[in-house]
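Spelled out from the first residue to the last, the chains are:
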Amino acid sequence: MKSKIIVLSLMCLMGLFLLLRFSIYDPVLESTTENIEIINKDKNTSERWIVLSNDKKVYIEDLSIWALLEVNQNYTISYKLKKKSKRYNLIIIVPDEYEGQF
């Protein structure tokens, strides 16, 4: 009886682990760093994003970073594409005059 309880407990823990693994885990599909021009920036009530010259829409979490960016300027930008959200998220951005030094 005691061994059945242990085996059942282990199976429940494994099931819980697998459930959390597939519900929370969001792997990175692509990570890109490039020197590129921002052609547009926009926002709605909860999200802010920029549109790059390669037509990729990059979401920015920090309002202060978004507010400082200027349209038609070059930046060295690093961003990633997540599997679940299927959108590009900003990692880091620096102005072009810093020659890509992060």
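Everything that follows concerns the structure shown earlier in this document.
Notes on the structure follow. (Residues numbered from 1 in each chain as written. Predicted model: local features only at pLDDT ≥ 70, side-chain atom pairs only at ≥ 80, totals over all residues. Heavy atoms only, no water.)

On to the sheet that holds strand E5 (residues 88-95). With mixed pairing, the five strands of this closed barrel are ordered in space as E1-E2-E3-E5-E4. On average, adjacent strands in this sheet sit at an angle of 55° to one another, irrespective of strand direction. Bridge analysis of strand E1 (residues 28-43) against strand E2 (residues 48-52) gives five bridges, and the strand direction is antiparallel. In the sheet register, Lys41 faces E2, and the bridge partner there is Ile50. (Pairing = 2+ DSSP bridges. Helix = DSSP H or I, 4+ residues; strand = E, 2+ residues; numbered from the N terminus. Axes fitted to C-alpha atoms, helices over the stretch in contact; angles between N-to-C directions.)

Tallying each qualifying case throughout the model produces two salt bridges. Of the charged contacts in the structure, one is a salt bridge between Lys56 and Glu30, with a shortest N-O distance of 3.4 Å. In this pair, Lys56 is assigned in the loop between E2 and strand E3 (57-60) and Glu30 in strand E1, connecting sequence segments 26 residues apart. Residue class for Glu30 comes out partly exposed when judged on its relative accessible area of 28%. (Salt bridge = Lys/Arg side-chain N within 4 Å of Asp/Glu carboxyl O. Buried < 20%, exposed > 50% of the residue type's maximum accessible area, 1.4 Å probe, protein only.)

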